[in-house]
Amino acid sequence: KIKMTTYVESQWEVLRSGLENGTESRESLYRLVEEICLEGYANDFYERLALMLFASAQNKVREISADQIGLLQKMALAWETQSKETMSVRNICLYLDRSILHQGCPSLKEVGCLALRRVLQSE
């Protein structure tokens, strides 16, 4: 695994914060991801994005599990929200997603959808 530099770590934090809080424009995040991929950190960012999507799915399932009333409605809403978040991540990280696909990894869209499915199956 590649050791990330302080600069790359700071770029990851910008991306993470931008995706979670909307603190950056989509265009600037896209450029950031493209630059990081060109510098050779695509795999690390991909792994971190997969973990972030999985954690997001876990949070949604915990919210659903806490209240059994309207379970199906909440699951449908969680799926819709997860799908939108996943597509937002994929759109911003399109350059990364396309780079990773050449290495045989699943797309970020698949990772996001599978994350919610895995969490639901394990809970």
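What counts and what doesn't
- Residues numbered from 1 in each chain as written.
- Predicted model: local features only at pLDDT ≥ 70, side-chain atom pairs only at ≥ 80, totals over all residues.
- Heavy atoms only, no water.
- Core = buried A, V, L, I, M, F, W, Y, C linked by side-chain atoms within 4.5 Å.
- Buried < 20%, exposed > 50% of the residue type's maximum accessible area, 1.4 Å probe, protein only.
- Helix = DSSP H or I, 4+ residues; strand = E, 2+ residues; numbered from the N terminus.
- Disulfide = S-S within 2.5 Å.
- Polar contact = N/O pair within 3.5 Å; in protein donor to acceptor, adjacent residues only side chain to side chain.
- Contact = heavy atoms within 4.5 Å.
- Phe/Tyr/Trp six-rings, centres within 6.5 Å; stacked < 30°, edge-to-face > 60°.
- Axes fitted to C-alpha atoms, helices over the stretch in contact; angles between N-to-C directions.
- Parallel < 35°, antiparallel > 145°, perpendicular 65-115°, else oblique.
- Nonpolar A, V, L, I, M, F, W, Y, C, P; charged D, E, K, R; others polar.

Asker: For this particular structure, what's the right way to read the nonpolar core?
Answerer: The nonpolar side chains of soluble globular proteins are, as a tendency, buried together. Leu15, Phe45, Leu49, Val89, Cys93 and Leu96 are the most contacted members of the largest nonpolar core, which has 23 residues in total. Those elements giving two or more residues to this core turn out to be helix H1 (6-21), helix H2 (26-38), helix H3 (42-66), helix H4 (71-92), helix H5 (94-101) and helix H6 (108-122). In terms of residue count, H3 provides more of this core than any other element does, six residues in total. Grouped together as the second largest cluster of nonpolar side chains are five residues, Ala57, Val61, Ala115 and Val119 included.

Asker: Sorry if this is basic, but what is going on with the state of the cysteines here?
Answerer: When the sulfur atoms of two cysteines share a covalent bond, that bond is a disulfide. Within the structure shown, the criterion is met by zero disulfides. You can see Cys105 has no disulfide; the closest cysteine sulfur is in Cys37, sitting 12 Å from it. Cysteine Cys113 is unpaired, with the sulfur of Cys93 as its nearest cysteine sulfur at 15 Å.

Asker: Teacher, can you tell me more about the side chain of Lys60 here?
Answerer: With respect to the helices and strands, Lys60 occurs in helix H3. Here Glu85 takes part through its side chain, which lies 2.9 Å from a polar atom of the side chain of Lys60. Once residues lying within four places of it in the same chain are set aside, the contact partners of Lys60 are Ala78, Thr81, Gln82 and Glu85.

Asker: Just to check I follow, could you spell out the packing of aromatic side chains for this structure?
Answerer: The tally for this structure, following the rule as stated, stands at one aromatic pair. Where Trp12 meets Phe45, the ring centres are 5.3 Å apart and the plane angle is 80°; that geometry is what we call edge-to-face. In this pair, Trp12 sits in helix H1 while Phe45 sits in helix H3, placing the two residues 33 residues apart along the sequence. The pair formed by Trp12 and Phe45 is uniform in burial state, with each residue classed as buried.

Asker: Just checking my understanding: could you explain the packing of H2 against H4 for this structure?
Answerer: Packed helices, taken two at a time, are described by the angle their axes make and the gap between the axes. Two numbers describe how H2 lies on H4: the axes approach to 8 Å, and their chain directions differ by 60°. With respect to each other, H2 and H4 are oriented oblique. Counted together, Arg26, Leu29, Tyr30 and Val33 of H2 and Ser88, Asn91 and Ile92 of H4 form the full contact between these two elements. Looking at side-chain class alone, the contact of H2 with H4 contains four nonpolar, two polar and one charged residues.

Purely spatial values, then, with no claim about function.
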